[in-house]
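Residue-level listing of the chains:
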Number of protein chains: 4
Amino acid sequence: MLILMGLNSPREHINQVKEKIISLGCTPHEIPGDSKLAIGITGPSDKVVKEDFLLMPSVEEVVRVSKKYKLVSREMKSEDTLINVNGNIIGGEELLIIAGPCSVESRDQIFDIAGQLKEMGIKFLRAGAYKPRSSPYAFQGLKEKGLEYLADVKKELGMNIVTEALNQNTIEAVCNVADVIQLGARNMQNFTLIEEIGKTQKPILLKRGMSATVEELLLSAEYIVSQNNYNVILCERGIRTFETATRNTLDLNAIPVIKKNSHLPIIVDPSHGVGIWDKIPAMAMASIASGADGLIVEVHPNPEKAFSDGFQSLNPSTFKSLIAKLQELAPVVNKKLTLN
Amino acid sequence: MLILMGLNSPREHINQVKEKIISLGCTPHEIPGDSKLAIGITGPSDKVVKEDFLLMPSVEEVVRVSKKYKLVSREMKSEDTLINVNGNIIGGEELLIIAGPCSVESRDQIFDIAGQLKEMGIKFLRAGAYKPRSSPYAFQGLKEKGLEYLADVKKELGMNIVTEALNQNTIEAVCNVADVIQLGARNMQNFTLIEEIGKTQKPILLKRGMSATVEELLLSAEYIVSQNNYNVILCERGIRTFETATRNTLDLNAIPVIKKNSHLPIIVDPSHGVGIWDKIPAMAMASIASGADGLIVEVHPNPEKAFSDGFQSLNPSTFKSLIAKLQELAPVVNKKLTLN
Amino acid sequence: MLILMGLNSPREHINQVKEKIISLGCTPHEIPGDSKLAIGITGPSDKVVKEDFLLMPSVEEVVRVSKKYKLVSREMKSEDTLINVNGNIIGGEELLIIAGPCSVESRDQIFDIAGQLKEMGIKFLRAGAYKPRSSPYAFQGLKEKGLEYLADVKKELGMNIVTEALNQNTIEAVCNVADVIQLGARNMQNFTLIEEIGKTQKPILLKRGMSATVEELLLSAEYIVSQNNYNVILCERGIRTFETATRNTLDLNAIPVIKKNSHLPIIVDPSHGVGIWDKIPAMAMASIASGADGLIVEVHPNPEKAFSDGFQSLNPSTFKSLIAKLQELAPVVNKKLTLN
Amino acid sequence: MLILMGLNSPREHINQVKEKIISLGCTPHEIPGDSKLAIGITGPSDKVVKEDFLLMPSVEEVVRVSKKYKLVSREMKSEDTLINVNGNIIGGEELLIIAGPCSVESRDQIFDIAGQLKEMGIKFLRAGAYKPRSSPYAFQGLKEKGLEYLADVKKELGMNIVTEALNQNTIEAVCNVADVIQLGARNMQNFTLIEEIGKTQKPILLKRGMSATVEELLLSAEYIVSQNNYNVILCERGIRTFETATRNTLDLNAIPVIKKNSHLPIIVDPSHGVGIWDKIPAMAMASIASGADGLIVEVHPNPEKAFSDGFQSLNPSTFKSLIAKLQELAPVVNKKLTLN
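Fair warning: this is a prediction, and the values are worked out from it, not measured in the lab.

Caption draft 1: Geometry of the environment of Gly121 of chain C. All names here are of chain C. Mapped onto the elements, Gly121 comes out in the loop between α3 (107-120) and β8 (124-126). C-alpha separation for the pair Gly121 and Ile97, spaced 24 residues apart in sequence, amounts to 9.8 Å. Every residue in contact with Gly121, bar those within four places of it in the chain, is listed here: Leu339 and Asn340.

Have a look at this one:
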């Protein structure tokens, strides 16, 4: 349920509505936005009587929300959510491009690639310090050391850092370095971790699980937003199908579906989505053409020597050609890509 | 195996090579192309001794083809295949746009939509006369009557007709009307039908089966090309996955994968691929951005009254906006879209 | 819709009901069965007024059928359909076991394995004369020669023959030899072929397509039954999923789902369903335990030398151990397996 | 790599081998078992020279392990792993039957069903105190209160408790009550949680993720066993496919595949695997027939009033009929089911 009130309703009226909601055993949520004053209701909705609210001062409309997810839905909030990361606005006209290696491998490696990316005008660096790996014997990341190098890159080059928090133990350390915390595909339904990261109020990059439906992705986002953290960037990264010619099947249908049903920004990870480097530029272009708000792309100074996922990493020169094409493409879909 | 010979090799030398291939129990295929003279070998390759061919006059190189599919592979023929349909070149710079209703419903309906499409500059009309339907009780198409109306449209409006041949009985009738014969997803592994349609030497639009791998699609194309019919247009139309938010999952990864591995043109059917009309323009744009050679889109004069698949049909005005955007997009990916 | 009439209704009353149905533009179907007299209605049901039929003599009840499939549903016919193939009853207490090689390879091979199977008490021999193959270069079967050998086996050993009709051209030839015609997974939605084979009134083994839903399988069966051929044996043979440890994913859930919703017998093909010989006995046991009416199993005299699918063929001695176990299992699920 | 030594090798020789392994930067693991003395090696195997070990005293053989998973593989340990939970042996001849409601709903509810199950001879009770739910607004379990009731049931009725640990915060509390800790499907690749639960040395029920391959399930088990906790019970619970007639597709192929490749016991959860109560007995039977070591089944005193998953819960009387059938089935597959 959603209560719509006059834009200049007095705080007193707003509080009356919120108190009434609480008295029914539900939770009120003031929905951010410029064009209307809206209060969402979550919880046992069977007790909420529409007419009771319509009688209250300043209340203009009461709307039932049809989806299982509430606060993340367009029904609750029709305007696009814009997320501000150190002055960079995500979800608006400007495309978000996050680039970097799968994992931090050494101080030299991360400075090398970060320097090259910065020179190209890229503002967001991705790199994992903690790596979730199917096998206990695979490279698990440089861990604290990796975070330390990322902090140095941030300080020296002024780049925004996007890196993954794997578990509850490392949230704090990751928070100290990351400008955007990544929640990986395998953790999309690790609800405890989602809630705890949600509470930090940091921007979160929430990746779709490899067999998650769009509805489940939005419900996981709901776990974050229900803690009053609207800084959620969704990320499509490919799903599991029978096709074996590619690592995953990038589900670009999800972009227009999510744009219709949610106000949250959504970006695409073509690197995991296709998994073979020479097909990534084509899928990056397709992602933006489908309406995505940006991309997260694996770029490695030396893909054939990468500790992990080298076969799906672009080298800097291929990536540079790609962003030049993306700059041409952006205005066709009413976006822009500023590189400087 | 592939035998490469000098471009101006005398016919006599070429024939010697072909005879030798036949003598080994294999089949020789002259591969079309301007830049080299190539003869493909299919059949039991264990008897083919590379060195024996290298000794023959005019033979320059002998190449092993690593894929299961041979004649459709880039290894056999590195140049893109261009298909000429009444002067329209498919697979080159110009995008192919095929549009029209799911099925022919009446003389008025098909002339109405064909007229509108022609006015927009569309040259290829799609519409089913014979419809394969999961249920025996669903509308199965106007059949011969439908073909008759299509023949009239062709004659009066000069449009190129794309329509499906469902079975062996109707190949001839369809051939008389169609400029491009569609082979539907359910028939992608109906090898008898494929072979018989292949023999007509007509251009064929071969749709990917709903759970076919890219390799299987190319093997089905191989059935056609092995009869010396290179006029095959592949079509991605969505695959079956667990996602229920859309009718199918459009697998755009398939576009760069096929472009890498085959010389055949590939187009996309976003209408079946996503199955909900308001998401189709986004996926049409994504398809072209991914490198596809064109689109086949369902357009109905009155989608809410369509006999079949109305929910996935664009109305003429939405389609008109889409092609305007496609014209903007085309040059970004080195294509063009001429509407006149 | 289903009209239930008194068991001893006079023919005149029955005909009145059928005529009324026809007059509404629908089709009447007398449903076979001992315990009630039922007439199914298919076609545009919006014109059928329940009350009009209730007023007619001998009509006792009018039932709406909720599924998309009608004649194959339990709602239309609650009793199990029993199919009689030369005195062998399929779909009842006795399990149907069909065994044999993937394809007929030579006269010796087929007589060798048929002889061994007959000695074990197996009454149904499977073997393909026409083989649908993904690649045009793979072994396509011995064709007419293969049918000829099967006819000889039938004549000399008295076995019932189960073999596939691939296309319209070969229906007649296959019909002359086969006691049960197999419709392969790739042809499950080749509706023309289904209808033509249905018309022969021969028993048909209808295999589930590799990405067909249970509903689609039943709708394909409806194409046959709507031609008054109730001799349809359904067959689960594995579906396509992301799992690569096995060739397909055998979907045994389908057995209780189909048993609940349809009166047709259903058997399982564990050979294609799992695709690795040493896992087949376990899945054969699971199939019967799940409630299936029988099995179709690949058995080859010499699996490692098979022309096709050798890796999923049992050798005769493993098969013999399996049927001994099946005989023990059968009574636990109220079935029996007679071998003689 | 696996080092096989004489069964009565002196401890000194064993230690020499282990020290050598450590000196190479790898980890030695003594593999439990009666019939041979085996030391597994995990870590960077490129430094391990087979010949160097063969020269050491008491070393008899050095075997390369071909799978990505090592300690859980049959190559490392050919004998079935038996797990002892308070005198109940899991993985041997006796079938493990775990039954109970999806979640603890009240003291009365859990005592009611536990009492009924105990009377039927069931020794393991399942019930969730913490419930992972896709939506933040769904019932999340009674949490600590739920654990308290389970502790009471355990004390008063003497049943073994199987319950899920959702996150790191609750491991200790769950450990105090549970005899077997469940790791849910959504957490199958929550490696931090797996490792921490693994360290408790408690028996663990590891459920397959909804889109996990068999290989990934075994790699997750490897995370536990590599901490020297061999008490891992694997659980197949259905995977995601395109089929919508059932909640999931129970992949029984996984049973013989895992039995071949791993020594760990595997049970099946037909309740989640099919998701519709009336199809569950058939799939329970199929599971045991396929070779599974047991079942985990949802049984609720009053399914239609369940707080969660009522549609997939059996009522006590249907469950009682099922276990009677399972007792008949068990000896056919060389198992037994003791109810007392």
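Caption draft 2: Structural detail: the sheet that holds strand β1 (residues 2-5) of chain A. All names here are of chain A. Here we have four strands laid out as an open sheet, ordered β2-β3-β1-β4, and antiparallel in their pairing. Lying at the two open borders of the sheet, with one neighbouring strand each, are β2 (27-31) and β4 (59-63). Direction aside, neighbouring strands of the sheet carry axes that sit 25° apart on average. In this structure, β1 lies alongside strand β3 (residues 37-42), joined through four bridges in antiparallel fashion. Opposite Leu2, over in β3, you have Gly40 as the bridge partner. Sitting on the sheet, helix α1 (residues 11-23) is in contact with β1, β2, β3 and β4, with an inclination near 165° to β1.

Caption draft 3: Focus on helix α4 (residues 144-157) of chain B. All names here are of chain B. End to end, α4 covers 20 Å across 14 residues, agreeing with the expected 20 Å (1.5 Å per residue, within 8%). If you follow the buried residues of α4, they end up packed against α3 (107-120), β8 (124-126), β9 (160-164) and α5 (171-177). Looking at the residues trailing α4, positive phi occurs at Gly158, about 70°.

Caption draft 4: Main features of the packing of helix α10 (residues 280-289) of chain D against helix α11 (residues 316-329) of chain D. Residue and element names in this part refer to chain D. As a packed pair, α10 and α11 sit with axes 10 Å apart at the nearest point and diverge in direction by 25°. Classed by the angle they form, the pair α10 and α11 counts as roughly parallel. In the crossing of α10 with α11, the sense of the turn from one axis to the other is right-handed. Between α10 and α11, the residues in contact are Pro281, Ala284, Met285, Ile288 and Ala289 and Thr318, Leu322, Lys325, Leu326 and Leu329, respectively. Taken together, the residues of the contact of α10 with α11 break down into eight nonpolar, one polar and one charged.

Caption draft 5: Seen up close, the interface of chain B and chain A. With 35 residues of chain B at the interface, the matching set in chain A holds 35 residues. Of all the secondary-structure elements, those providing two or more residues to the side of chain B that touches chain A are α7 (214-225), α8 (254-261), α10 (280-289) and α11 (316-329) of chain B. Among the elements that take part in the side of chain B that touches chain A, α10 of chain B stands out by supplying five residues, more than any other. Its residues assigned to classes, the side of chain B that touches chain A shows 18 nonpolar, nine polar and eight charged.

Caption draft 6: Expanded view of the domain arrangement of chain A. When cut into domains, chain A gives domain 1 (2-63) and domain 2 (83-333). Each of domain 1 of chain A and domain 2 of chain A has a C-alpha centre, and these two points are 36 Å apart.

Caption draft 7: The arrangement of the packing of helix α10 (residues 280-289) of chain C against α10 of chain D in detail. Packing of α10 of chain C against α10 of chain D leaves a shortest axis separation of 7 Å and a crossing angle of 155°. Classified by the interaxial angle, the pair formed by α10 of chain C and α10 of chain D is roughly antiparallel. Along this stretch, α10 of chain C crosses α10 of chain D, giving a crossing that reads as right-handed. Residues Met285, Ala286 and Ala289 of chain C of α10 of chain C form the contact with α10 of chain D, whose own contacting residues are Met285, Ala286 and Ala289 of chain D. Residue composition of the contact of α10 of chain C with α10 of chain D, by class: six nonpolar, no polar and no charged.

Caption draft 8: Quick look at the sheet that holds strand β4 (residues 59-63) of chain B. All names here are of chain B. With antiparallel pairing, the four strands of this open sheet are ordered in space as β2-β3-β1-β4. The open sheet has two edge strands, β2 (27-31) and β4, and neither has a second partner. Neighbouring strand axes in the sheet, compared pairwise and without regard to direction, differ in orientation by 25° on average. Of the strand pairs in this sheet, β2 and strand β3 (residues 37-42) are connected by five bridges, and their pairing is antiparallel. Note on β3: the bridge partner recorded for Pro28 is Ile41. Its contacts with the sheet put helix α1 (residues 11-23) on β1 (2-5), β2, β3 and β4, and the angle it makes with β1 is roughly 165°.

Rules and cut-offs
Residues numbered from 1 in each chain as written. Chains lettered and ligands numbered in written order. Predicted model: local features only at pLDDT ≥ 70, side-chain atom pairs only at ≥ 80, totals over all residues. Helix = DSSP H or I, 4+ residues; strand = E, 2+ residues; numbered from the N terminus. Contact = placed C-beta atoms within 7 Å. Pairing = 2+ DSSP bridges. Axes fitted to C-alpha atoms, helices over the stretch in contact; angles between N-to-C directions. Expected span 1.5 Å × (residues − 1). Parallel < 35°, antiparallel > 145°, perpendicular 65-115°, else oblique. Left-handed = near helix turned anticlockwise from the far one by under 90°. Nonpolar A, V, L, I, M, F, W, Y, C, P; charged D, E, K, R; others polar. Domains from an automatic or database assignment.

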